[in-house]
Amino acid sequence: MKVKYVLAVCAALILVPLAVAHVVLRASLPTIDGEVHHLGVVSPVTVDRDELGVPTIEAANRLDLAYGTGFVHGQDRFFEMDLSRRLAAGELSEVFGAVAVEQDKKARLFRFRQVARQALQQGTPEQRAVLEAYARGVNAGLASLRSRPWEYWLFRSVPAQWRPEDTILVTHAMWWDLQYSGLQREILRQQINAHMRGPECEAGWKCSLRFLYPVGTEWDAPNAAVGLVNAGPVGGVAGAPKGGGGGEAAGAGGAIPPPDILNVRGASATSGVPAAFVPRGASWDRGIGSNNWAVAGRLTTTGAALIANDMHLRARVPAVWYRARMRIKGTDSQPAVDLNGVTLPGAPLLVAGSNGHIAWGFTNSYGNWSHVEKAACASATAVQQEEIRVHGQPSIQFPVRSGPAGVLYQAEPDKQACWFVSWLAQQPAATNINLMALERTTSVAQALAVAPTLGIPHQNFVVGDREGHIAWTIAGRVPADSGATRAVGNSTWTTVETHPRILDPEVGRIWTANARATDDSGQQTVIAGIDASVGADYDLGARAHQIRDDLLAIQGPAAPADMLRIQLDDRAGFLQRWRTMLIELLDADAITNHPERAQFRTLVSDWNARARVDSVGYRLVRDFHEQTLKSVWEMVLGAVGIAPAQEVTAPSQFEAALWRLVSERPMHMLASNYGDWREFLLAQADTTIADLRKTCPQLARCTWGSRNPVHIRHPLSRSLPFLSALLDMPQVELPGDHDMPRVQDGPIGASERFAVSPGHEDEGYIHIPGGQSGHPLSPYYRAGFMDWAHGTPAPFLPGISQHRLTLQ
């Protein structure tokens, strides 16, 4: 009897808290049916949700639409929105405590909360009214929950009210995700340059880096332009692509530096080479990329332009984007608005998709958007004190120092020198909600006029209209000054007449994939400034090259199904030459008495040239390439006195230099502990085999899928491993990799995937790697994930309404 009593008590101690937690968790699920009375709307707003939870929000005017959008965002995604604004503002410590203080210090350097308030004041009265209505809607949606979102219970915190300026901060969070890492990379690039100067470099510092950061390689596939930068009003016509490589205007890369400029063998043979300061996090994050392209109406099945877009980010739970259909009823003076696509929780805007007249998508545009300068630390004469509030602990006073060259970003105390940064994101005029103007834009020509005014992190903006026109330009505020200090804030902005653009190219197709988008030297200078000849962090171009070839290979009029085939293209064109070289390297002499090399050669020979989950050969070639790239890059860094570090990875552009080195094999570029380049390459093959053995003892079972599992996690699941099955998306093995259209590297991949023709939205498709809701008990938490994973076409338009909520 006593044992039963003890067991009953133990069961109660376990089950009662779980039951209470379940009740509290369910209480934070949103209401999605019925009527809710609010003072925030002028006329009724309806929210219809389909079987995936995708809302169709219909209102009588723009302010009510903003309120309704805020309401559903606040219901479904408030914690995600809160993290975004706090990331930018440097306020994560208020929720997470001391563990987030260092991240907050990084963000506080740029004082984005103050920048956001200024940007809000610079907006038009209509824009401020929209943001105020949206904030009221967010707070009403949050208040409609019977319990605060479950994450706040976990952290014993109360959510702070949404403010209009917070939408600007959410945009600043995107600036952070897309451009912040470039600051550290620029420091590293300047350090390398400081060790490679030579008298023959007529162009100054740019010349000495052209070998390591080449532009215009065989992989480059920019769109061709016809001098449109100063060609008068919008409406110029671009020419057809120039076959394989795109112009030499920006420099096709430099020759291998002679020994007096860069001597790897001499440096490695000399003791006492001083180790240079290594900037924190100076890595090239290959997850920040995207694909988009357009096909002109004369080449499509509908006669309208066809736009495809997949923006590559590190996937998370909930998903980055939130699908929505946003409608405004027409009046006698204003036509109806019907917006379909993806929104960003925290903003009342359609980010990418279609308005029925035009469709558009984005890829990140690398360029010269910041200025990094090394100067005496004493030049930091201005100091602003920032208060960082820490949950459960006293606040911290953090001094932000600045000087003529910008904010003091990083110090080298032993050299009494500091790195100062100026970033366009710090300028209030660089961030706004002018994206709203695209809602009523009816033509590509109008969209090109809007693009230079858009206050977002700089993007390759590809747009098409229902009449069949297509165009590319940069979406974002671009300084007219192309000099070294263009980001300091003293420049005016480009105008419609001076902004880069390509309109209706003769070939009838436009493509971008984070590499050079145009071969026009004037346009490149507008984008990259003084960095134009060394690439401005452009991607290698292999993706763009393959997309271009896929587009040109379409037989007959193009349809959305053709776009999906390209987006799912996992052919390994980029690594073909590495496979050939590896097979030639592992010749009879190399494999004699080396059975593992012999097996490695056999498996590499038998590949299907695709990054498929069951491919062993692809994984082996890929790992050999990465090992060789890492080793050569470390040799170069060592030669210029930079100690190898795990986070200092090679830029994408280094691929051309790498291939030249392993092909031409100059001895002064090889470390002295190798007799020749063949010995070095065989050592890389052996290291690759040894590393593979650590994770899969049988080489024949080392598939690409087992190396590249996709596990998209909730930000809290690592801290709550016992809840990971509830919080995370299902783990799957997926095809794809970098340097091919289907980008997939673990959780890095398409954060959305769609294709649509304006006016023919019912024929389009869309994928999101997760559901609409951020609540793990919602039926919409994972809805749509498997369609994304398997590439199954899902309708671009929301389906039949399953639930209706009316805001009265």
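On a predicted model such as this, the values are computed, not experimentally measured, just so you know.

S.K.: Which residues make up the nonpolar core, and what values go with them?
M.R.: Core analysis: the biggest nonpolar cluster contains 146 residues, and F110, F112, W321, F362, W423 and F461 have the highest contact counts within it. With 11 residues, helix α2 (residues 62-89) is the largest single contributor of residues to this core. For W321, the contacting residues outside a window of four places in its chain are R77, M174, M311, L313, V342, T343, L344, P345, V351, S751, E752 and I768.

S.K.: Any details on the confidence of the model for the chain? Residues and values, ideally.
M.R.: In the predicted model, the chain carries a mean pLDDT of 88, and 88% of its residues have values of at least 70. Overall, residues 199-207 carries pLDDT values under 50, and its contacts beyond four positions in sequence, including any with other chains, amount to 12 contacts. Here residues 269-278 is modelled with pLDDT under 50, and outside its nearest four sequence neighbours on either side it reaches 19 contacts, counting other chains as well.

S.K.: Pulling in residues and values, what's your account of unusual backbone geometry?
M.R.: The residue after V317, namely P318, is reached through a cis peptide bond having omega -5°. With respect to the helices and strands, P318 occurs in the loop between β5 (306-314) and β6 (322-328). Unusually for a residue other than glycine, R156 sits at a positive phi of about 50°. Residue classification places R156 among the exposed positions, given a relative accessible area of 73%. Phi at D504 is positive, roughly 45°, even though this residue is not glycine. When you line up the elements, D504 lands in the loop between β17 (501-503) and β18 (509-512).

S.K.: Can you tell me about the environment of T46, naming the residues and giving the values?
M.R.: Along the chain, T46 falls in strand β2 (residues 45-49). Take T46: its relative accessible area is 14%, and that puts it in the buried class. Distance from T46 to L805, taken between C-alpha atoms, is 5.9 Å for residues 759 residues apart in sequence. Residues contacting T46, with those up to four places away along its chain left out, are T56, I57, E58, R804, L805 and T806.

S.K.: Now, about the layout of surface pockets: what can you tell me, with residues and values included?
M.R.: In this model, the largest pocket occupies a volume close to 1,400 Å³. Lining the largest pocket are 36 residues; nearest its centre among them are L87, D177, R314, R316 and P715. Counting residues per element, the ones that place at least two in the lining of the largest pocket are α2, α8 (164-179) and β5. The residue inventory of the lining of the largest pocket, partitioned by class, reads 23 nonpolar, six polar and seven charged.

S.K.: So what about the side chain of D623? Which residues, and what values?
M.R.: As for its placement among the helices and strands, D623 is situated in helix α18 (residues 616-639). Classification of D623 as buried rests on a relative accessible area of 14%. Apart from the residues within four sequence positions on either side, D623 is in contact with T688, L692 and R707.

S.K.: Please provide a residue-by-residue account of the packing of helix α5 (residues 112-122) against α8, values included.
M.R.: Running from N to C, α5 and α8 point in directions that differ by 120°, and their axes come no closer than 9 Å. Considering the angle they form, α5 stands oblique to α8. Two packed elements cross with a definite hand, and for α5 against α8 that hand is right-handed. Contacts from F112, R113, V115, A116, R117, A119 and L120 of α5 reach α8 at P164, E165, D166, I168, L169, H172 and W176.

S.K.: Residues and numbers for the pattern of salt bridges, please.
M.R.: This model, assessed by the stated rule, comprises 39 salt bridges. The partner of E94 in a salt bridge is R86, with the nearest N and O atoms 3.8 Å apart. For E94, a relative accessible area of 26% corresponds to the partly exposed category. Overall, the relative accessible area of 7% leaves R86 in the buried class. With a shortest N-O distance of 3.6 Å, K105 and E102 are connected by a salt bridge. Placement of both K105 and E102 in helix α4 (residues 101-108) is noted, with a separation of three residues, approximately one turn of the helix.

S.K.: Hey, could you go over the packing of α2 against α4 for me, with residue numbers and the actual values?
M.R.: Running from N to C, α2 and α4 cross one another at 65°; their axes reach a closest spacing of 7 Å. Residues R86, L87, A88 and A89 of α2 form the contact with α4, whose participating residues are Q103, D104, A107 and R108. Split into classes, the residues belonging to the contact of α2 with α4 amount to four nonpolar, one polar and three charged.

S.K.: Tell me about the pairing of strand β23 (residues 753-756), residues and numbers included.
M.R.: The alternating pattern of β23 places R753 and A755 and F754 and V756 on opposite faces, both of which are buried. The sheet contact formed by β5 and β23 spans three bridges and is antiparallel. Residue pairing in the sheet places I307 in a bridge with V756 of β23. Strand direction decides the pairing type here: β23 and strand β24 (residues 765-767), joined by three bridges, are antiparallel. By the bridge assignment, F754 is partnered in β24 with I766.

S.K.: So what's going on with the sheet that holds β17? Which residues, and what values?
M.R.: Pairing is mixed in the open sheet, where 11 strands are placed in the order β1-β25-β2-β3-β6-β7-β8-β9-β15-β16-β17. Both outer strands of the open sheet, β1 (34-36) and β17, are each paired with one neighbouring strand and no more. The average angle at which neighbouring strand axes cross in this sheet is 25°, direction not considered. Where β1 lies against strand β25 (residues 803-807), three bridges are found, and the strand directions are parallel. Paired with V36 across the strands is L807, a residue of β25.

S.K.: Break down the state of the cysteines for me, citing the residues and quoting the values.
M.R.: The term disulfide refers to a covalent linkage connecting the sulfur atoms of a pair of cysteines. For the structure on display, the rule yields two disulfides. C377 shares a disulfide with C418; S-S distance 1.9 Å. Its S-S torsion of about 95° marks the bond between C377 and C418 as right-handed, since a negative value means left-handed. Of this pair, C377 sits in the loop between β10 (370-376) and β11 (382-390) while C418 is found in strand β14 (residues 417-423), placing the two residues 41 residues apart along the sequence. A disulfide bridge connects C696 with C702, and the sulfur atoms are separated by 1.7 Å. When the S-S torsion is 105°, as for the bridge of C696 with C702, the disulfide is right-handed. There is no split in this pair, since C696 and C702 are both buried. Disulfide partners in the chain, listed by the sequence order of the bonded cysteines, are 1-2, 3-4.

S.K.: Got a sec to walk through the packing of aromatic side chains? Specific residues and values, please.
M.R.: Scanning all chains against the criterion turns up 23 aromatic pairs. Taken together, a centroid distance of 6.4 Å and an interplanar angle of 85° make the contact between F110 and Y180 edge-to-face. In this pair, F110 sits in the loop between α4 and α5 while Y180 sits in the loop between α8 and α9 (181-194), placing the two residues 70 residues apart along the sequence. On the basis of relative accessibility, which here comes to 2%, the residue F110 falls in the buried class. On the basis of an interplanar angle of 65° and a centroid distance of 5.0 Å, the ring pair of W633 and F654 is categorised as edge-to-face.

S.K.: Before we move on, could you go through empty space enclosed by the protein and cite the residues and values that matter?
M.R.: Taken as a whole and assessed by the stated rule, the structure comprises six cavities of 30 Å³ or more. Taken as a whole, the largest cavity spans an internal volume of roughly 320 Å³. Put simply, the parts of the chain that give the lining of the largest cavity at least two residues each are α8, β4 (289-295), β5 and β9 (358-364). Looking at side-chain class alone, the lining of the largest cavity contains 14 nonpolar, seven polar and no charged residues.

S.K.: Residues and numbers for helix α19 (residues 654-664), please.
M.R.: Counting buried positions over the 11 residues of α19 gives eight, a clear majority of the element. Those residues of α19 not exposed but buried are F654, E655, A656, A657, L658, W659, L661 and V662. Backbone geometry just after α19 places R665 at a positive phi near 55°.

Procedures and definitions
Residues numbered from 1 in each chain as written. Predicted model: local features only at pLDDT ≥ 70, side-chain atom pairs only at ≥ 80, totals over all residues. Heavy atoms only, no water. Core = buried A, V, L, I, M, F, W, Y, C linked by side-chain atoms within 4.5 Å. Buried < 20%, exposed > 50% of the residue type's maximum accessible area, 1.4 Å probe, protein only. Helix = DSSP H or I, 4+ residues; strand = E, 2+ residues; numbered from the N terminus. Contact = heavy atoms within 4.5 Å. pLDDT = per-residue confidence, 0-100. 1 Å grid on protein atoms, 1.4 Å probe; cavity = no way out; pocket = protein on both sides within 12 Å on 5 of 7 lines; lining within 4 Å. Points joined across faces, edges and corners; volume = space filled by probe spheres on them. Nonpolar A, V, L, I, M, F, W, Y, C, P; charged D, E, K, R; others polar. Axes fitted to C-alpha atoms, helices over the stretch in contact; angles between N-to-C directions. Parallel < 35°, antiparallel > 145°, perpendicular 65-115°, else oblique. Left-handed = near helix turned anticlockwise from the far one by under 90°. Salt bridge = Lys/Arg side-chain N within 4 Å of Asp/Glu carboxyl O. Pairing = 2+ DSSP bridges. Disulfide = S-S within 2.5 Å. Phe/Tyr/Trp six-rings, centres within 6.5 Å; stacked < 30°, edge-to-face > 60°.

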